[in-house]
Amino acid sequence: MVQYSQASFDASFAALSDATRRGVLEQLGRADASITDLAVKFRMSLTGMKKHVVVLEQAGLVTTKKVGRVRSCKLGLRRLEEEAAWIERYRQLWEARFDELDKVVEELKRREVDGRKKRE
């Protein structure tokens, strides 16, 4: 089994668990923005947005830089490759399970049709 850096893995999923933070990442994927711009876009207080940005920053998903009174944000260098690999492994597992379930359902349908034909 692949070993993951538990702390960064947990921080990533915690950061991604919130819709606002996912929206911030999408927004920063289009263009860098100040915390003020993000707060306006997401209709929240500066303090609230700063808290979201701190969580993203701790996960390595966002970096900030303060110039004067403005703190600008941009996407961090972290690419979530380990997290994507973990999700993909479980996606494949569930896909295989659903394929097996489909086979069982098809077999049950076939038996039901065969049973009806015998009764006729």
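What counts and how
- Residues numbered from 1 in each chain as written.
- Predicted model: local features only at pLDDT ≥ 70, side-chain atom pairs only at ≥ 80, totals over all residues.
- Heavy atoms only, no water.
- Pairing = 2+ DSSP bridges.
- Helix = DSSP H or I, 4+ residues; strand = E, 2+ residues; numbered from the N terminus.
- Contact = heavy atoms within 4.5 Å.
- Axes fitted to C-alpha atoms, helices over the stretch in contact; angles between N-to-C directions.

## Some remarks on the sheet that holds strand S1 (residues 33-34)
Reading across the sheet, the three strands line up as S1-S3-S2 and stay open at both edges, with antiparallel pairing between neighbours. Single-partner strands in this sheet number two, and they are S1 and strand S2 (62-67). Pairing of S2 with strand S3 (residues 70-75) involves six bridges; the strand directions are antiparallel. Paired with Val67 across the two strands is Val70, which belongs to S3. Across the face of the sheet, helix H2 (residues 19-30) comes into contact with S1, S2 and S3 while running at roughly 90 degrees to S3. Across the face of the sheet, helix H4 (residues 46-58) comes into contact with S2 and S3 while running at roughly 125 degrees to S2.

Treat this as a map of the structure, not an account of what it does.
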